[in-house]
Amino acid sequence: MGKLNVFNNLNEISLEAIFGSLTIILPVISSLIVAFIEIPKIIAQYLFNPKEDRYINSTIENIQNYDRSMFQMEYNYQQVLKNISSNRLEEEIELSPVIEENTNDNVV
């Protein structure tokens with residue numbers, strides 16, 4: 001009956017049948033082992049980027065630099081506004097009419 005009935009009786013299993021089964025089973029087992037070892041490594045590599053800390057630090061540094069420049073700009077802006085308002089006040093004082101006191105006692 002040939003090769004189709006190789007496993008009909010366990011006592012009649014030939015060496016050729018064992019090796020045939022092993023050539024199918026061993027690559028499957030080895031590929032499963034490799035998959036269980038390597039796939040988590042690949043997933044971890046993409047989930048936990050080793051450069052992530054560097055990127056976070058760079059982002060925080062950029063935010064701090066931006067805040068520092070904005071606070072300096074705001075301070076400069078307030079100083080300019082103070083200077084403008086004090087200059088306007090001085091100009092208004094200079095342009096205001098001078099009220100002279102009447103020293104003349106000739107009031108009728």
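Keep in mind that what you see is a predicted model, and the values were worked out from it rather than measured.

A. The arrangement of the overall build of the protein in detail. On a plain count of helices and strands, the protein comes out with two helices and zero strands. Of all 108 residues assigned to the protein, the portion counted as buried reaches 1%. As displayed, the protein offers around 10,800 Å² of accessible surface, 62% of which is attributable to carbon and sulfur atoms.

B. Representation of helix H1 (residues 15-47) within the structure. The first and last C-alpha atoms of H1 sit 48 Å apart over 33 residues, in line with the 48 Å expected at 1.5 Å per residue. For H1, the principal kink sits at Ala 35 and spans about 25°.

C. Quick peek at a nonpolar patch on the surface. Taken together, the side chains of Leu 15, Ile 18, Phe 19, Leu 22 and Leu 26 present a nonpolar region at the surface, about 480 Å² in accessible area. Tracing the backbone through its elements, the reader meets Leu 22 in helix H1. According to the relative accessible area criterion, Leu 22 is partly exposed, its value standing at 36%.

D. Molecular detail of the environment of Ser 30. You can see Ser 30 is positioned in helix H1. From its side chain, Ser 30 meets the backbone oxygen of Pro 27 in a polar contact 3.0 Å long.

The rules we used
Every chain begins its residue count from 1, and numbering advances along the sequence as written. Per-residue local features of the predicted model are confined to residues with pLDDT of at least 70, and side-chain atom pairs are confined, for both listing and counting, to 80 or more; whole-chain, interface and lining totals are unaffected and use all residues. As a rule here, side-chain values cover all heavy atoms of the structure and leave hydrogens and water aside. A run of DSSP states H or I qualifies as a helix once it reaches four residues; a run of E qualifies as a strand once it reaches two. Both are numbered from the N-terminal end. Using a 1.4 Å probe on the protein chains alone, a residue whose accessible area is under 20% of its type maximum counts as buried, one over 50% counts as exposed, and one in between counts as partly exposed. Surface accessibility follows the Shrake-Rupley procedure with a 1.4 Å probe radius. Residue values consider only the protein chains on display as shielding. Given a helix with a known number of residues, its expected span is that number minus one, times 1.5 Å. A residue's bend is given by the angle between axes fitted to the 7 residues ending at it and the 7 residues starting at it. Residues with no salt bridge and a relative accessible area higher than 30% make up the patches, which join like charges within 9 Å and nonpolar side chains (Val, Leu, Ile, Met, Phe, Trp, Tyr) within 5 Å. When a carboxyl oxygen of Asp or Glu is within 4 Å of a side-chain nitrogen of Lys or Arg, the pair counts as a salt bridge. Here a polar contact is taken to be a pair of N or O atoms separated by no more than 3.5 Å, where protein atoms must pair a possible hydrogen donor with a possible acceptor and residues adjacent in sequence count only if both atoms sit in side chains.

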